[in-house]
Amino acid sequence: GMIEQACIYTLRKFREQEQTVQLGYFPKQTELSFRLKPVIPEGVSTLLFGYGGMAKTTIALAWGLLVQLGETHLGLQPQKGPVMLLDWETNQDIANEILVALHAGMKLEGGPEFTYRRCRRPFLEFVEEVKADVDRNGIKHIIMDSLGKACGSEKELKENALPTLTALEWLGTTN
């Protein structure tokens, strides 16, 4: 009987929904932390979405440069930390050329030094290897280009989008 009662109680708690609140009318509980204020909140995934050719990769790499170098630029205020690029879209030479051109064009101090990994398989197949890289290099910010290809084929995309984002969260970085 006690086990049944515990199960019923647990099921009721699981099915409970949060009460609604009116946003904008209660005081802030904690100060929000950003990897790149105000566009990349700390500790969560931020997605850039758009059609191909809209400069998503370039924007992500520019933001990553600011984080890696800890330099404020165009009003974006970074929390400095090492950056990793997981790349399903291009290759090392192309990514490096974009990064170097952005660095020169933005007239930033220091050198662009991302940890780079060319990726060919779905992220879930080698997430442990990435976690080892993250820990070894103290990575604080990951750029994943692109989430769709990181999930696998079109069929796998539907099945793997949430598990891929969960695995990315497990790394303990801002993405």
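About the cut-offs
Residues numbered from 1 in each chain as written. Predicted model: local features only at pLDDT ≥ 70, side-chain atom pairs only at ≥ 80, totals over all residues. Heavy atoms only, no water. Core = buried A, V, L, I, M, F, W, Y, C linked by side-chain atoms within 4.5 Å. Buried < 20%, exposed > 50% of the residue type's maximum accessible area, 1.4 Å probe, protein only. Helix = DSSP H or I, 4+ residues; strand = E, 2+ residues; numbered from the N terminus. Contact = heavy atoms within 4.5 Å. Polar contact = N/O pair within 3.5 Å; in protein donor to acceptor, adjacent residues only side chain to side chain. Axes fitted to C-alpha atoms, helices over the stretch in contact; angles between N-to-C directions. Left-handed = near helix turned anticlockwise from the far one by under 90°. Nonpolar A, V, L, I, M, F, W, Y, C, P; charged D, E, K, R; others polar. Pairing = 2+ DSSP bridges. 1 Å grid on protein atoms, 1.4 Å probe; cavity = no way out; pocket = protein on both sides within 12 Å on 5 of 7 lines; lining within 4 Å. Points joined across faces, edges and corners; volume = space filled by probe spheres on them.

Caption draft 1: Geometry of the nonpolar core. Of all hydrophobic cores here, the largest spans 20 residues; its most connected members are Leu 36, Leu 61, Leu 65, Met 106, Phe 114 and Ile 143. Secondary structure elements with two or more residues in this core: α2 (56–69), β4 (83–87) and α3 (92–106). In terms of residue count, α2 provides more of this core than any other element does, eight residues in total. When near neighbours in sequence (up to four residues on either side) are disregarded, Met 106 contacts Ala 62, Leu 65, Leu 66 and His 73. Listed in part, the 16 residues of the second largest apolar core include Cys 119, Val 130, Met 144 and Leu 171.

Caption draft 2: Looking closely at the side chain of Thr 173. Among the structural elements, Thr 173 can be located in the segment after α6 (154–170). On the basis of relative accessible area, Thr 173 is assigned to the buried category, the value being 3%. Engagement of the side chain of Thr 173 in a polar contact is seen with the side chain of Asn 175, the distance being 2.6 Å. Apart from residues no more than four positions distant in its own chain, Thr 173 is found in contact with Gly 43, Val 134, Ile 139, Lys 140, His 141, Ile 142 and Leu 168.

Caption draft 3: The arrangement of the packing of α2 against α3 in detail. Where α2 meets α3, the axes come as close as 10 Å, and the angle between the chain directions of the two elements is 65°. As α2 packs across α3, the resulting crossing turns out to be right-handed. Taken together, the residues of α3 that come into contact with α2 (itself represented by Thr 58, Leu 61, Ala 62, Leu 65, Leu 66 and Leu 69) are Ala 95, Ile 98, Leu 99, Leu 102, His 103 and Met 106. Split by residue class, the contact of α2 with α3 holds 10 nonpolar, two polar and no charged.

Caption draft 4: Spotlight on the sheet that holds β4. What the three strands build is an open sheet, ordered β5-β4-β6; its pairing is parallel. Bordering the open sheet on either side are β5 (115–118) and β6 (141–145), each of which pairs with just one other strand. Averaged over all neighbouring strand pairs, the angle between strand axes comes to 15°, with direction disregarded. Where β4 meets β6, five bridges bridge the pair, whose relative direction is parallel. Note on β6: the bridge partner recorded for Met 84 is Ile 142.

Caption draft 5: Fine view of empty space enclosed by the protein. According to the stated counting rule, one finds one cavity of 30 Å³ or more in the structure shown. In this model, the largest cavity occupies a volume close to 30 Å³. Lining the largest cavity, in full, are Thr 57, Leu 61, Leu 85, Asp 87, Thr 90, Ala 95, Ile 98 and Asp 145. Counting only elements with at least two residues in the lining of the largest cavity, the list comes to α2, β4 and α3. A class-by-class count of the residues in the lining of the largest cavity yields four nonpolar, two polar and two charged.

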